[in-house]
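# Descriptive analysis of the structure
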Amino acid sequence: VRIPLRAGGQVQVEAPLTSVETNNVFSTLNPAYTADLRVSIQQPLLRGGGRPVALYPIHVAEVNRRQSHALLRLEITRVLGAVDRVYWQLLAARRELEVRRQELLLAEEQLARSERMVKAGSKPEVEILRASLGVAERKEAIILAETRVRDRNRDLKRIIRKPGMDMATPTVLLPTTPPSVAPCNPDPERLVELSRENRMDLLELELRSVQEALTALLQKNQTLPLVSLGYTYNVNGLGDDWGDAFDLLFEKRFEDHQFGLRVEIPMGNEAARSRWRQSLLKRARVLAQRKQREAAIRQEVYAATDRLAASWQRVIASGERVTHAARLTEAETHQ
């Protein structure tokens, strides 16, 4: 039984049992049974000693667990973001298809009016050709819009991966939640602070920095000389059967005590120092990556807020354009 100590040492308990039978005529006991109990303690004082070194595997395992959790949350966030984007793209594609169909109806009405006016002699025949070209263009636009709807439908199925709803199935996804069009003026600096606190990619880099710091601490400890203190306590039991052997063991008549000191001083120790410097450079690289990621996040937030403001202005401008286009259509129809 081996029991690790928090200080980096180890307690080992052994109970070896042996049975020996020989044809040696000079043997005192034949067969001979031994039952021993041995307890030993090994404690490194420099290299491999101390609580940080002893708890290094536990700390690294905890960091790895938190890294896995952060990566899982990051992947979940990416999937949800992808679903959200494809959902609105599907809704926009279906709205575009509706508009293209309305345009086709208007173009067919225009063609019918042109034919009536040509028959009445108020317009030349070229108006029929222009109206027919408009109908053909609207039909082509409908074909392209239907293709985009099918593409967005398959994209959403691929991301959702719901059983029984494969991309090849004829199931049609109908978005029912309408968009909420409203102005939004977020504070970029506040969004940057929230990103620093909640972005899982930043947390993953921070955990990597902690792991590299723990590794650097361990590698620094490995550059020290090896000084290990040991003590062993042994009780011997011997008899011509198991009962006598255990009786002698419990009487503790034959006890051994051993003390030992082991010292190893490497000559130069450049390999250990190189590994220590390498771990320090790795941590510095991770810290630099984290700063670069923070700068990239700040740029992303500023760009997103600018696009959000520009999108709202485009919504207003598009609404005005639609209003004027509708009035122009009514005026031309009346004319």
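Predicted model only: the values in this text are computed from it and were never measured. (Residues numbered from 1 in each chain as written. Predicted model: local features only at pLDDT ≥ 70, side-chain atom pairs only at ≥ 80, totals over all residues. Heavy atoms only, no water.)

## Re unusual backbone geometry
Working note: non-glycine residues mostly have negative phi, and peptide bonds are mostly trans. Non-glycine residue Arg 161 carries a positive phi angle of around 55 degrees. With respect to the helices, strands and loops of the structure, Arg 161 is situated in the loop between helix 3 (126-160) and helix 4 (188-198). Judged by its relative accessible area of 69%, Arg 161 is exposed. Even without glycine at this site, Asn 269 takes up a positive phi of about 60 degrees. By secondary structure assignment, the location of Asn 269 is in the loop between strand 8 (255-264) and helix 7 (270-334). On the basis of relative accessible area, Asn 269 is assigned to the buried category, the value being 15%. (Helix = DSSP H or I, 4+ residues; strand = E, 2+ residues; numbered from the N terminus. Buried < 20%, exposed > 50% of the residue type's maximum accessible area, 1.4 Å probe, protein only.)

## Things to note about a negative patch on the surface
Negative charge collects at one region of the surface, where Asp 240, Asp 241, Asp 244 and Asp 247 lie side by side. With respect to the secondary-structure elements, Asp 247 resides in helix 6 (residues 242-251). Looking at Asp 247, the relative accessible area reads 44%, which means it is partly exposed. (Patch = residues over 30% accessible without salt bridge, like charges linked within 9 Å, V, L, I, M, F, W, Y side chains within 5 Å. Areas by Shrake-Rupley, 256 points an atom, 1.4 Å probe, with all protein chains shown as cover. Salt bridge = Lys/Arg side-chain N within 4 Å of Asp/Glu carboxyl O. Lys, Arg positive; Asp, Glu negative; His and termini not counted. Charge placed at Lys NZ, Arg CZ, Asp CG, Glu CD.)

## A short note on the pairing of strand 6 (residues 226-235)
Along strand 6, 8 of the 10 residues are buried, which leaves the element largely enclosed by surrounding structure. As defined by bridge partners, strand 5 (residues 37-44) adjoins strand 6 across 8 bridges and the pair is classed as antiparallel. In the strand pairing of strand 6, Val 39 is matched with Tyr 233. In terms of strand pairing, strand 6 meets strand 8 through 10 bridges, oriented antiparallel. In the strand pairing of strand 8, Leu 226 is matched with Glu 264. (Pairing = 2+ DSSP bridges.)

## Focus: the pattern of salt bridges
Opposite charge on two side chains permits them to pair, given that their charged atoms come into close proximity. The tally for this structure, following the rule as stated, stands at 21 salt bridges. A salt bridge links Glu 206 to Arg 290; its shortest N-O distance comes to 3.7 Å. Here the residue Glu 206 occupies a position in helix 5 (residues 200-222), and Arg 290 occupies one in helix 7, the gap between them amounting to 84 residues. Of the residues examined, Glu 206 reaches a relative accessible area of 39% and is grouped as partly exposed. Judged by its relative accessible area of 21%, Arg 290 falls in the partly exposed class. Among the ionic contacts, a cluster of salt bridges with common partners joins Glu 96, Arg 100, Glu 103, Glu 137, Arg 138 and Arg 148.

## Overview of the sheet that holds strand 6
With antiparallel pairing, 5 strands are arranged side by side in an open sheet as 1-2-5-6-8. Lying at the two open borders of the sheet, with one neighbouring strand each, are strand 1 (2-4) and strand 8. Between one strand axis and the next, the sheet turns through 10 degrees on average, direction left out of account. (Axes fitted to C-alpha atoms, helices over the stretch in contact; angles between N-to-C directions.)

## A few points about helix 6
Within the span of helix 6, buried status applies to Ala 245, Leu 248 and Leu 249. Mapping the buried residues of helix 6 onto a view down its axis gives an arc of 105 degrees, with all of them on the same face. Where the residues of helix 6 are buried, they touch strand 4 (32-35), strand 5, strand 6 and strand 7 (238-239). Once helix 6 ends, the next one or two residues include Lys 252, with phi positive near 55 degrees. (Arc of directions from axis to C-beta. Contact = heavy atoms within 4.5 Å.)

## Re the packing of aromatic side chains
A complete count under the given rule lists 5 aromatic pairs for this structure. An angle of 35 degrees between the planes, with centres 4.7 Å apart, marks the rings of Tyr 231 and Phe 259 as tilted. With Tyr 231 in strand 6 and Phe 259 in strand 8, this residue pair connects regions lying 28 residues apart in the sequence. Residue Tyr 231 is classed as partly exposed on the basis of its relative accessible area of 26%. For the ring pair Trp 242 and Phe 246, a centre distance of 6.4 Å and an interplane angle of 40 degrees mean the geometry is tilted. Residue Trp 242 and its partner Phe 246 are both found in helix 6; the two are separated by 4 residues, about one turn of the helix. (Phe/Tyr/Trp six-rings, centres within 6.5 Å; stacked < 30°, edge-to-face > 60°.)

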